[in-house]
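# Notes for the structure review
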Amino acid sequence: MHEYEFTLKFSLQNAQANPQEYVESLGKAGCDDALIGVGQCGRIALSFTRESISAYEAVSSAIKDIRTVLPNAKLVEAVPDLVGLTEVAELLGFTRQNMRKLMIRAGATFPAPVRDGKPAIWHLSQILAWMTKTGKYEINEALIDVTKTNMMYNVAIASQDLDPQFQQKIIPLIRA
């Protein structure tokens, strides 16, 4: 068993709903291992520290527990996943400048960002995999596992809005 730390962000079906109303019910439904954020009407975020055999099981069981209380809530994002260099540096105890030097020195071997701009955004799991592959950094396995799982959930969330016919046309174009 490993301990996984992650946050699940949901939008509630009723955008005017006070998420405070659900805190006690969520705790009783199995979310007693989460800190629940209720700062915005119509939104709720749960930061978990959950023991499980895998990150997938931890995140999936948390979503199932939440769905018992909020069956119509929409999963918006699973965190950690999308990050800038500053977040990566903070997470790993580096300076942002050190992280930027690593990226520049790595050149084309550094993972490509999901969004290349100001700021550039990466999937954290891809950066952690790259860092592990270099053999110079020891990254916590639970962190690697949970970032991979969260990336898959976030990609699945984003893909729900794709037109299936359009998706069939573009997949051959984006494969290398």
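Now for a look at the structure at hand.

How each quantity is defined
- Residues numbered from 1 in each chain as written.
- Predicted model: local features only at pLDDT ≥ 70, side-chain atom pairs only at ≥ 80, totals over all residues.
- Heavy atoms only, no water.
- Helix = DSSP H or I, 4+ residues; strand = E, 2+ residues; numbered from the N terminus.
- Buried < 20%, exposed > 50% of the residue type's maximum accessible area, 1.4 Å probe, protein only.
- Lys, Arg positive; Asp, Glu negative; His and termini not counted.
- Salt bridge = Lys/Arg side-chain N within 4 Å of Asp/Glu carboxyl O.
- Polar contact = N/O pair within 3.5 Å; in protein donor to acceptor, adjacent residues only side chain to side chain.
- Contact = heavy atoms within 4.5 Å.
- Core = buried A, V, L, I, M, F, W, Y, C linked by side-chain atoms within 4.5 Å.
- Pairing = 2+ DSSP bridges.
- Axes fitted to C-alpha atoms, helices over the stretch in contact; angles between N-to-C directions.
- Phe/Tyr/Trp six-rings, centres within 6.5 Å; stacked < 30°, edge-to-face > 60°.
- Parallel < 35°, antiparallel > 145°, perpendicular 65-115°, else oblique.
- Left-handed = near helix turned anticlockwise from the far one by under 90°.

Once that is clear, we can look at the side chain of Asp81. Within the secondary structure, Asp81 is located in the loop between β4 (74-79) and β5 (82-83). Buried within the structure, Asp81 lacks any salt-bridge partner; Lys9 is the closest side chain of opposite charge, at an N-O distance of 11 Å. Reaching out from Asp81, the side chain makes a polar contact with the side chain of His123 at a distance of 2.7 Å. Beyond its immediate chain neighbours, meaning those up to four positions away, Asp81 contacts Trp122, His123, Leu124, Thr147, Asn150, Met151 and Asn154.

Glancing now at the nonpolar core. One finds Phe6, Leu8, Leu46, Phe48, Ile66, Met99 and Phe110 to be the most contacted residues of the largest nonpolar core, which totals 45 residues. Contact partners of Leu8, with chain neighbours within four places excluded, come to Ile44, Ala45, Leu46, Phe48, Val59, Ala62, Ile63, Ile66, Leu75, Glu77 and Ala78.

Another point: the sheet that holds strand β2 (residues 34-37). Strand order across the open sheet formed by four strands is β2-β3-β1-β4, with antiparallel pairing between neighbours. The open sheet terminates on both sides in strands that have one partner only, identified here as β2 and β4. Averaged over all adjacent pairs, the angle separating strand axes in this sheet is 20°, with direction ignored. Note: β2 against strand β3 (residues 43-52), four bridges, orientation antiparallel. Opposite Ala34, over in β3, you have Phe48 as the bridge partner. Along the sheet, helix α2 (residues 55-69) contacts β1 (2-11), β3 and β4; its crossing angle with β1, the most-contacted strand, is approximately 40°. The strands that helix α6 (residues 141-159) touches are β1 and β4; relative to β4, the one it contacts most, it runs at about 150°.

Take the environment of Ala106 next. Relative to the helices and strands, Ala106 resides in helix α4 (residues 96-106). Through-space distance from the C-alpha of Ala106 to that of Asn18 is 47 Å; in sequence the pair is 88 residues apart.

So, on to the packing of aromatic side chains. Overall, the coordinates contain five aromatic pairs when judged by the stated rule. Ring centres of Phe110 and Trp122 lie 5.8 Å apart, and the angle between their planes is 85°; this geometry places the pair in the edge-to-face category. With Phe110 in the loop between α4 and β6 (122-123) and Trp122 in strand β6, the pair connects residues that are twelve residues apart, well separated along the chain. Accessibility classification places Phe110 together with Trp122 in one group, the buried group. An angle of 65° between the planes, with centres 5.0 Å apart, marks the rings of Phe110 and Trp130 as edge-to-face. With a gap of 20 residues between them, Phe110 in the loop between α4 and β6 and Trp130 in helix α5 (residues 124-134) connect regions that are remote in the sequence. On the accessibility criterion, Phe110 (6% relative accessible area) is buried. Note on Trp130: relative accessible area 13%, which makes it buried. Taken together, the aromatic side chains of Phe110, Trp122 and Trp130 make up a single cluster linked through ring pairs.

For the rest of this paragraph, the subject is the packing of helix α3 (residues 85-92) against α4. One way to put it is that α3 packs onto α4 with a least axis distance of 8 Å and a crossing angle of 110°. When the axes of α3 and α4 are compared, the pair comes out roughly perpendicular. For the pair α3 and α4, the sense of crossing is right-handed. Counted together, Leu85, Thr86, Val88 and Ala89 of α3 and Arg96, Met99, Arg100 and Met103 of α4 form the full contact between these two elements.

From the geometry alone we can't say anything about function, so treat these as descriptive.
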